[in-house]
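Given next are the chains, with one letter for each unit.
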Amino acid sequence: MAKQPLIQRLCVIGVGLIGGSLARALREQGAVAEVIGSGRNERNLRAAVRLGVVDRYDTDPTRAVAGADVVVIAVPLGAIEPVLRAIVPHLAPEAVVTDVGSAKGSVVADVERIYGRIPPYFVPGHPIAGTEQSGVEASFATLFQKRRVILTPLAETDAAAHRLIRKMWELTGAEVVDMGVRHHDAVLAATSHLPHMLAYTLVDTLAQMDDRAEIFRYAAGGFRDFTRIASSDPRMWHDICVANREQLLEMIALFAADLERLAAAIRHDERDAILTLFQRAKRARDNLYLD
Ligand code: NAP
């Protein structure tokens, strides 16, 4: 007898890079019987049907979630609260809800504002995978393979709901880890949010210069590597900035102080200090596991 799929009806609200890639991966694994998409833009949703990412769609999320056993909210952070507020009265009684937002404190606060508590069926999550592209056309089934997915379950989270979402991500080829909400936001501020701020700011600084055409003409590999992420969706990163304000500001302050120390070393011709910094950073970078 054929194995029962893990999920009978999956509803993905926000069928973009992350939501689309998750749906594709689960379909490839035969882990889902039916996928319903939702979003505001019919063109994107029609493309999702054409590409076989979803079976059907409904632009009204309150209808899209009907009868779904798992609902994945994969919209920008600033849209999570209104989406969740709208769908709550329409969820199936046994539905498990999760999200993929890049900051977790703000999502938990959204959920608490809506419910006045944390409902047991809500499992906050964040796949540590992505590209600078957006939309369903950019999605692909292998995006999460060998990547980490962080879940930040709370004391109130139902163990079976947590297990289901863990299993769902494992089926995409990801390694799933649990983390506290604050710890997640601190770690991501350092490793993802700060680097995006640096890339956006560097490109913007150079783009404001009078001789920018000349500058960009001679941009080589290092500049391209460093600034690739400045092509990421500005709205999404605006939302992440606002959502993880406190932790991000701490990291910006730390980095600004270190950059100022480097500037002082350059100003005062402290060659040993400069070399020591570069050697320490190279050692750390060379020892990192980064693929
Ligand atoms: P994306 O490709 O732009 O997809 C987001 C989708 O959400 C779009 O298809 C959009 O469709 C829909 N959407 C936007 N605003 C909406 C609203 N107000 N109501 C309903 N649907 C809305 O973005 P993504 O990269 O998949 O990011 C989605 C989430 O994943 C974000 O919360 C982000 O923080 C998180 N995340 C991103 C990455 C990454 O590297 N990209 C990595 C991990 C986590 P319509 O235009 O049709 O509404």
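Nothing here was measured: the structure is a model prediction, and the numbers come from that model.

Enquirer: In this structure, what is going on with the site of the ligand? I would like to understand it.
Expert: Inspection of the region around the ligand gives 26 residues, with R40, N41, V75, S102 and G135 positioned closest. Within the side chain of N44, a nitrogen or oxygen atom sits 3.4 Å from an oxygen atom of the ligand. G135 has a polar backbone atom sitting 2.7 Å from an oxygen atom of the ligand. Burial of the ligand by the protein chains amounts to 86% of its free accessible area of 880 Å². Of all the secondary structure elements, the ones that give two or more residues to the shell around the ligand are α1 (17-28), α4 (77-87) and β7 (125-128). Here the element with the most residues in the shell around the ligand is α4; it accounts for three residues. Taken together, the residues of the shell around the ligand break down into 13 nonpolar, 12 polar and one charged.

Enquirer: Help me understand the nonpolar core in this model?
Expert: Generally speaking, nonpolar side chains in soluble globular proteins are found buried as a group. Core analysis: the biggest nonpolar cluster contains 37 residues, and L10, M168 and W169 have the highest contact counts within it. Setting aside chain neighbours within four positions, we find L10 in contact with L26, V32, E34, V35, I36, D69, V70 and V72. In this structure, V97, F122, V181 and L248 belong to the second largest nonpolar core, which totals 31 residues.

Enquirer: What's the story with the domain arrangement of the protein chain in this structure? I'm lost.
Expert: It is common to give the size of an interface as the accessible area lost on bringing the parts into contact. Structurally, the protein chain comprises domain 1 (7-179) and domain 2 (184-286). With centres defined by C-alpha atoms, the gap from domain 1 to domain 2 works out at 31 Å. Carbon and sulfur atoms supply 66% of the area buried between domain 1 and domain 2, which totals about 1100 Å² over both sides. Taken together, the links from domain 1 to domain 2 amount to one salt bridge. Our count for the domain 1 to domain 2 interface comes out at six residue pairs in polar contact (both at pLDDT 80 or more). When contributions to the side of domain 1 that touches domain 2 are tallied by element, the ones reaching two or more residues are α4, α5 (105-115) and β7. Sorting elements by how many residues they give to the side of domain 1 that touches domain 2 places α4 first, with three residues. Taken together, the residues of the side of domain 1 that touches domain 2 sort by class into seven nonpolar, seven polar and two charged.

Reading the values: rules and limits
Residues numbered from 1 in each chain as written. Predicted model: local features only at pLDDT ≥ 70, side-chain atom pairs only at ≥ 80, totals over all residues. Heavy atoms only, no water. Near = heavy atom within 4 Å. Polar contact = N/O pair within 3.5 Å; in protein donor to acceptor, adjacent residues only side chain to side chain. Areas by Shrake-Rupley, 256 points an atom, 1.4 Å probe, with all protein chains shown as cover. Helix = DSSP H or I, 4+ residues; strand = E, 2+ residues; numbered from the N terminus. Nonpolar A, V, L, I, M, F, W, Y, C, P; charged D, E, K, R; others polar. Core = buried A, V, L, I, M, F, W, Y, C linked by side-chain atoms within 4.5 Å. Buried < 20%, exposed > 50% of the residue type's maximum accessible area, 1.4 Å probe, protein only. Contact = heavy atoms within 4.5 Å. Domains from an automatic or database assignment. Buried area = accessible area lost by both parts, 1.4 Å probe. Salt bridge = Lys/Arg side-chain N within 4 Å of Asp/Glu carboxyl O.

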